[in-house]
Amino acid sequence: MDKFQSLLKQSELCLESMIALVRVFASFIPVTSSYRNKCQIAKSLSLLSYAIRPLHDLKISGDKLNEIENEFSPPGLDVQSAENTCREYVESRNLLFSPVLEFKYCLEKISKECNDLVYERIKWSVDSSLLKLNELMDYATSEQITPEFGVNTADVLFLKQTSPETPSREFPSNQNKLNLPAQTITLGSNFINLEIPTIECCASILNEFIFDVKNTTLLLEICIQIDEERRHAEILRAEFETRGGKIEELSFHLRFWMMSRDEDLATRLYIHQKLGEWIGIDAAMFTVKDKSNEAVIREIYSSILLDEIDHVSLGNKWIRRLTPDLNLVKEKALSKRKRFNETDEGPLKFKLNEMMCRFSGFSIEEINAFRKRQEEYGVIVR
Ligand SMILES: [Fe+2]
Ligand SMILES: [Fe+2]
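If you're wondering where the values come from, they're calculated on a predicted model, not measured in any experiment. (Residues numbered from 1 in each chain as written. Chains lettered and ligands numbered in written order. Predicted model: local features only at pLDDT ≥ 70, side-chain atom pairs only at ≥ 80, totals over all residues.)

A look at the overall build of the protein
Across its full length, the protein holds 15 helices and zero strands. A sequence separation of at least 24 residues applies to 82% of the contacts in the protein between residues at least 6 apart. (Helix = DSSP H or I, 4+ residues; strand = E, 2+ residues; numbered from the N terminus. Contact = placed C-beta atoms within 7 Å.)

Written as structure tokens, this is what we have:
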């Protein structure tokens, strides 16, 4: 059994380092100014998270097996080593992926030793992680993304375990009125003011909070969300550009980033996932249901809508798990949103959709409160 335990231990060390690497990847997202780079790093992050999943499952099974009271808590990533890894990133993609190569090497070693039925479970988990790491390597070395893959050296200097005060932007905000149809402007605005900021806010969660085996599931769910927001961003950008829009001509705000900054994890989830993205669901639904919209627009927002339901439900689920005092978190979130002119009192922005609220994990009491608000104050967008 000693060999079994030692293989489990080695897999666990890989898991620990891979979780730390998620933080490094996540820290790049707000500091890099190129929107394409933000999206590419988001993609890498999600591939890395898929490699983490089997190892995490293995760790859970191993712990159950050993009937160990779980007090696993990896040390935070050393800032110096994060900065070193970051410099390597700038020098070359291959160097960026040297930690990944290291995991691959370790996992291959573990896999080779699992040549017995006894070790089959370990081998399966390790090989699944390896498969995903291979995808990650392929993605990183793919010719298609070569020209823009990399991080601005000046941005890198800001890398710390804390996120920057404001995220970097490729171009200054353009205050001139765009000579484009309103619907095209909305596509661009959703790209720059919703999807990109959400990728950044999620990345700041991964960068600023400590993740370990007890909350790896949350880390994995946030990584999935980041990848889905990345997909939304890319779809919206492509459609905006197809219709003649130019990213550099868009105006933007940094409200979402500023709103979440310095808050605890549950409050951030309340501000963004639970309330912000809930309004996003209704807004997307509004566009989908409006038959006067073009089919392509309705399809885009239908596909986004499905993901957004998961994001709100992620928020609702984890806020409950993370906080013993839901009212306190609610109070903090509402007052912070108010400071940024996002009101959660008075009329509802969109007509209440109880089914969507239930899908998104709102409690019966919360839905009743929404209904009461609607009866009392009405709805803004009709
Ligand atoms: Fe989104
Ligand atoms: Fe979302």
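Here's the deal with unusual backbone geometry
A negative phi holds for most residues other than glycine; trans holds for most peptide bonds. One non-glycine residue with positive phi stands out, namely D262, at about 70 degrees. Tracing the chain through its elements places D262 in the loop between α10 (255-260) and α11 (265-289). Taking the number of C-beta atoms within 10 Å as the measure of exposure, D262 has 12 and is therefore exposed. Its identity as a non-glycine residue notwithstanding, N341 has a phi of 60 degrees, on the positive side. Along the chain, N341 falls in the loop between α13 (326-339) and α14 (354-359). (Buried ≥ 20, exposed ≤ 12 C-beta atoms within 10 Å, placed from the backbone.)

Let's talk about α13
Between its terminal C-alpha atoms α13 stretches 20 Å, which fits the 20 Å expected from 14 residues at 1.5 Å a residue. Taken residue by residue, α13 has V329, A333 and K336 as its buried positions. Buried positions in α13, seen along its axis, are confined to an arc of 70 degrees and lie on one side of it. For α13, the exposed residues lying more than 90 degrees away from the buried face are N327, L328, S335, K338 and R339. Those residues of α13 that are buried are in contact with α10, α11 and α12 (295-322). Note on α13: the residue one or two positions beyond its end, N341, has a positive phi of about 60 degrees. (Expected span 1.5 Å × (residues − 1). Arc of directions from axis to C-beta.)

Points about the environment of I300
Position of I300 relative to the elements: it lies in helix α12. When neighbours within four sequence positions are excluded, I300 is seen to be in contact with I235 and E239.

Let's talk about helix α9 (residues 216-242)
Across its 27 residues, α9 extends 39 Å between first and last C-alpha, which sits within 8% of the 39 Å expected from 1.5 Å per residue. Where α9 ends, the next residue or the one after it, G244, has phi of about 95 degrees, a positive value.

Some words on the nonpolar core
Within soluble globular proteins, side chains that are nonpolar generally end up buried alongside one another. Counting 65 residues, the largest nonpolar core has M18, V22, F25, L45 and L48 as the members making the most contacts within it. If you tally residues by element for this core, the top one is helix α1 (residues 2-31), at 14 residues. Core analysis: the next-biggest nonpolar cluster, separate from the first, contains ten residues, I281, I300, I304 and I309 among them. (Core = buried A, V, L, I, M, F, W, Y, C linked by C-beta atoms within 7 Å.)

Some words on the packing of α11 against α13
Here α11 crosses α13 at 60 degrees, and the two axes come no closer than 9 Å. The way α11 lies across α13 gives a crossing that is right-handed. Taken together, the residues of α13 that come into contact with α11 (itself represented by A266, T267, Y270, I271 and L275) are V329, K330, K332, A333, K336 and R337. Looking at the contact of α11 with α13 residue by residue, the classes come out as six nonpolar, one polar and four charged. (Axes fitted to C-alpha atoms, helices over the stretch in contact; angles between N-to-C directions. Left-handed = near helix turned anticlockwise from the far one by under 90°. Nonpolar A, V, L, I, M, F, W, Y, C, P; charged D, E, K, R; others polar.)

Focus: the packing of α11 against α12
Two numbers describe how α11 lies on α12: the axes approach to 8 Å, and their chain directions differ by 155 degrees. The angle between α11 and α12 places the two elements in the roughly antiparallel class. Relative to α12, the crossing made by α11 is left-handed. Taken together, the residues that form the contact of α11 with α12 break down as 19 nonpolar, seven polar and four charged. (Parallel < 35°, antiparallel > 145°, perpendicular 65-115°, else oblique.)

What to know about the environment of L265
Looking at where L265 falls in the secondary structure, it is placed in helix α11. In this structure the C-alpha to C-alpha distance between L265 and W318, which are 53 residues apart in sequence, comes to 9.3 Å. Contact partners of L265, with chain neighbours within four places excluded, come to I205, F209 and L322.

Notes on the confidence of the model for the protein
Residues at a pLDDT of 70 or more form 85% of the protein, whose mean pLDDT is 82. Long-range and interchain partners of residues 68-96, a stretch whose pLDDT sits below 50, account for 43 contacts in this model, where long-range means more than four residues apart. Between residues 144-160, whose pLDDT stays under 50, and residues either more than four places distant or in other chains, the model counts 32 contacts. (pLDDT = per-residue confidence, 0-100.)

Considering the environment of E165
Within the secondary structure layout, E165 lies in the loop between α7 (153-156) and α8 (182-208). Exposure remark for E165: the 11 C-beta atoms within 10 Å place this residue in the exposed category. Measuring from C-alpha to C-alpha, the distance between E165 and P30 comes to 9.6 Å, with 135 residues separating the pair along the chain.

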